[in-house]
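Examining the three-dimensional arrangement
Chain by chain, the residues:
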Amino acid sequence: MNRLTSYASAFAVVCCSALMQAQQPAARITVQVNKPLHAIGPKFYGLMTEEINYSYDGGLYGELVRNRTFQDHGFGGVANWNLDNMGSARSSMEVDENEGPSAALAHSLRLDIAHADAQNSAAVRNEGYWGMALSPNTTYKGSLYAKADADGFGPLTVSLVNDVTGKTLASTTTTTVSGDWKKYEFNLKTAQITASSNNHLLIAATHTGKLWLSVVSLFPPTYKGRENGNRPDLMALLAGMHPKFLRLPGGNYLEGDQIDERFDWKTTLGPLVDRPTHRSPWNYQSSDGMGLLEFLEWTEDLNIEPVLAVYAGYSLKGDHIAPGPALTPFLDDALDEIEFVTGDTSTKWGAVRAKLGHPAPFPLQYVEIGNEDWFDKSKSYDGRYTQYYKAIKSKYPNLQLIATAPLTRMKPDVLDDHYYKRADEFFDFVKHYDTADRNGPKIFVGEWATREGSPTTNLGAALGDAAWMTAMERNSDLIVMASYAPLFVNVSPGGMQWESDLIGYDASRSYGSPGYYAQALFGEFLGTEVSTSQSSNTGDRFFYSSTADPAKGEVYLKLVNANSTPQPVSLEFAGTKALSKSATLYSLGGTNPAITNSIDDPKRVIPVKSTVKVSSTFEHTVPPYTVQVMVLRNR
Ligand code: AHR
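Residues numbered from 1 in each chain as written. Predicted model: local features only at pLDDT ≥ 70, side-chain atom pairs only at ≥ 80, totals over all residues. Heavy atoms only, no water.

So, the domain arrangement of the chain
Accessible area lost when the parts come together is the quantity often used to give the size of an interface. This is how the line gets drawn: Residue ranges assigned to the domains are those given by an automatic or database domain assignment. Only heavy atoms enter the contact rule, under which two residues are in contact if any of them lie within 4.5 Å. In short, buried area is how much 1.4 Å probe accessible area vanishes from two parts on joining, totalled over both. By salt bridge we mean one thing: a side-chain nitrogen of Lys or Arg within 4 Å of a carboxyl oxygen of Asp or Glu. Residues adjacent in sequence count toward polar contacts only when both atoms are side-chain atoms; beyond that, a polar contact is any pair of N or O atoms within 3.5 Å, and within protein one must be able to donate a hydrogen and the other to accept it. Helix and strand assignments come from DSSP, with helices taken as H or I runs of at least 4 residues and strands as E runs of at least 2, each series counted from the N terminus. For this classification, Asp, Glu, Lys and Arg are treated as charged, while Ala, Val, Leu, Ile, Met, Phe, Trp, Tyr, Cys and Pro are nonpolar and the rest, including Gly, are polar.
Each assigned domain of the chain is listed here: domain 1 (8-42 + 527-633), domain 2 (46-64 + 223-252 + 298-335 + 359-511) and domain 3 (73-219). One C-alpha centre belongs to domain 1, the other to domain 2; they are set 29 Å apart. Residue-level contacts link 32 residues of domain 1 with 26 residues of domain 2. Buried area between domain 1 and domain 2, summed over both chains or domains, comes out near 2000 Å², and the portion from carbon and sulfur atoms is 65%. Summed over the three residues of domain 1 that lose the most area to domain 2, namely Arg-541, Phe-543 and Ile-599, the buried surface amounts to 29% of that side. Joining domain 1 to domain 2, the criterion identifies 4 salt bridges. Between Asp-600 and Arg-509 there is a salt bridge; the shortest N-O distance is 3.0 Å. Our count for the domain 1 to domain 2 interface comes out at 10 residue pairs in polar contact (both at pLDDT 80 or more). If you list the elements that add at least two residues to the side of domain 1 that touches domain 2, you get strand 1 (27-39), strand 28 (542-549), strand 29 (554-561), strand 31 (582-589) and strand 34 (626-633). Examining the composition of the side of domain 1 that touches domain 2, we find that 4 residues originate from one element, strand 28, more than from any other. Here the residues of the side of domain 1 that touches domain 2 are counted per class, giving 17 nonpolar, 11 polar and 4 charged.

Let's talk about the sheet that holds strand 27 (residues 529-536)
Keep this limit in mind: Paired strands, in this sense, are two strands between which DSSP finds at least two bridges. Under this scheme, a helix contributes an axis fitted over its contacting stretch, all axes are lines through C-alpha atoms, and angles between N-to-C directions fall in the 0 to 180 degree range.
Read across the sheet, 9 strands follow the order 32-31-34-29-28-27-1-30-33 without closing on themselves; strand pairing throughout is mixed. A strand with exactly one partner marks an edge of an open sheet, and here the two such strands are strand 32 (608-613) and strand 33 (617-622). Going from strand to strand, the sheet's axes swing by 25° on average, the running direction of each strand aside. Summarising the sheet, strand 1 and strand 27 pair through 8 bridges and their orientation is antiparallel.

Notes on the nonpolar core
Considering soluble globular proteins, one finds that nonpolar side chains tend to be buried as a cluster. Threshold: Working definition of a nonpolar core: buried Ala, Val, Leu, Ile, Met, Phe, Trp, Tyr and Cys residues. They are joined through side-chain atoms within 4.5 Å. Here the term buried applies to any residue with accessible area under 20% of the maximum for its type, exposed to any over 50%, and partly exposed to those in between, with areas from a 1.4 Å probe on protein chains only.
In this structure, Leu-238, Trp-298, Tyr-388, Val-445, Trp-448, Trp-468 and Met-472 are the most contacted members of the largest nonpolar core, which totals 120 residues. No other element matches the 9 residues that helix 10 (residues 459-474) contributes to this core. Membership of the second largest hydrophobic core comes to 37 residues, among which are Val-124, Leu-134, Tyr-140 and Leu-160.

Quick look at unusual backbone geometry
Between Leu-248 and Pro-249 the backbone carries a cis peptide bond, its omega angle lying at 0°. Within the element layout of this structure, Pro-249 appears in the loop between strand 15 (245-248) and helix 4 (252-255). Of note, the amide linkage connecting Gly-250 to Gly-251 takes the cis form, showing an omega dihedral of 25°. Structurally, Gly-251 is set in the loop between strand 15 and helix 4. Here the phi dihedral of Tyr-54 falls at roughly 55°; this positive angle occurs in a residue that is not glycine. The residue Tyr-54 is located in the loop between strand 2 (45-48) and helix 2 (56-60) in this model.

Digging into the pattern of salt bridges
The final tally for this structure, using the stated rule, is 37 salt bridges. Between Lys-147 and Glu-99 there is a salt bridge, with the nearest N and O atoms lying 3.4 Å from each other. One end of the pair, Lys-147, is in strand 9 (residues 139-148); the other, Glu-99, is in the loop between strand 6 (90-96) and strand 7 (108-115), and 48 residues separate them in sequence. Residues Lys-147 and Glu-99 agree in their burial class; the two are buried. In this structure, Arg-275 engages Glu-294 in a salt bridge whose closest nitrogen and oxygen atoms are separated by 2.9 Å. Pair noted here: Arg-275 is in the loop between helix 4 and strand 16 (278-280) and Glu-294 is in helix 5 (residues 292-301), with a separation of 19 residues, a long-range link. Per residue, the accessibility class of Arg-275 equals that of Glu-294, and both read buried. It is possible to trace a salt-bridge network through shared partners that takes in Glu-94, Asp-96, Arg-110, Asp-112 and Lys-210.

So, in structure tokens, the structure goes:
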């Protein structure tokens, strides 16, 4: 695991000076190595995010042009676009509500060019999502829809320009713009430039007249070279968490504030010009570039499974559709959606998926009915879930259907519980599932997070996260899946709607919070079974999880010391003679709970890898404010 390279510096200082301090009373943990308590589900840890904090637009989704369809405009003008009249050129711009390239996009940006010529071009520039990250010797794939008031308007010059130097870093021209809407494609290739995100896109005309523009798009190279794809650095961070599923498309984002602002999946398919875009409940317009197929391709690229949340007739501001005939069209949409994901090409929606370039169906085991329906004051969820359950199960009996609120009339297959807490609250909450009813529904902890630190969480939150993960692993006979939320935040000014996120980024850089590294470790060393164990004297700020992967011959012990003092622990690994004499130890810790990573200091708190001597019984000390994962060989 190259990502977890050894950074001895700051952590070593903490570690040694801490050993001089007062310490906790010694705890004792005995692991019965060859005695599994229960299996851990194969999809235990996964991913959950949505269009929040510029997670997709301005985040994972690779598009560089912001407000590419000019939906965002008003009193302040056209957001993220400005005029750039060179020399004696004169033009004005406004959104034209009566002229657009498609039924979905019935408006566009109109440029009224009073004067322009070859030496004096009238241009518009796009500032991107807090800049446009450009790298040397890289090809950027672009396209735009344009129409002029007459044929023979001439070509457009499309360029990438540095904000600081004003230098053109790449430039090309389109063919001459015609009097009808047409798509123009182009490539912009940089030379040996210095990588930076202080750049913008410029579209220049040298002809007097009217010019309309729409769907102006520019993509850098994407993860696995996907068209309309994702940012490679953010995908790599996600892969580093070793997830097994993606809960999609949200969250509140599934529901929308109003019913007509829900994630209406059918309007997110196909060419970008056919996607009307929609308002996200997090108060900005979603381009819907991350449409249903893109979500699914994201799962494919990470080799994980979708957990599909379908809209179920309740939206955030309280509107709901009563169960019965009024709900049927929404239920039909959900059935179509499942068919789009899983149907073969002989089915109507499977054929649509194939036409969009993906003939193979996607795997699907879990479908979630709505989101956080405990908010529905009308108490209609029992009826809505039952209606969805009957219809979906009769067509897809093998699907597991997740309820988002407790039901009174029936037992759902799985119940989605959400927890957002402070670290101390999680420390006090770790026994929550230990005594939960094992005859009730299985549990999906579909959203959880320790909310300390902003924009991304700090070490204190990582300790809360790790304590909670030990509790979830221990209860993995009941809990089938768990996903932290939200994952992403664009840390640029105004990029955040929800504080305390796991992964931060700007236009060109990205980093993981301490909690990210805790999850990466827990994900990588999850194991396939929980081992029988006993403990004593662990106090209320020391937590552990003991799991194993017999097929790999590995035993994992996770130790979380949230105390400000070292935690000695007597360890016993009983029931095996095959334990090797040394183990790998990953330690993630720091001087105090507030220490954190940031966009300018991304690796202040990261795991430190070392080797420790082990035997069937030995003494070990966990430094203060530290998460450790011990990997022992048992073969
Ligand atoms: O993760 C942020 C929000 O928290 C989700 O959209 C919602 O489901 C929950 O309330």
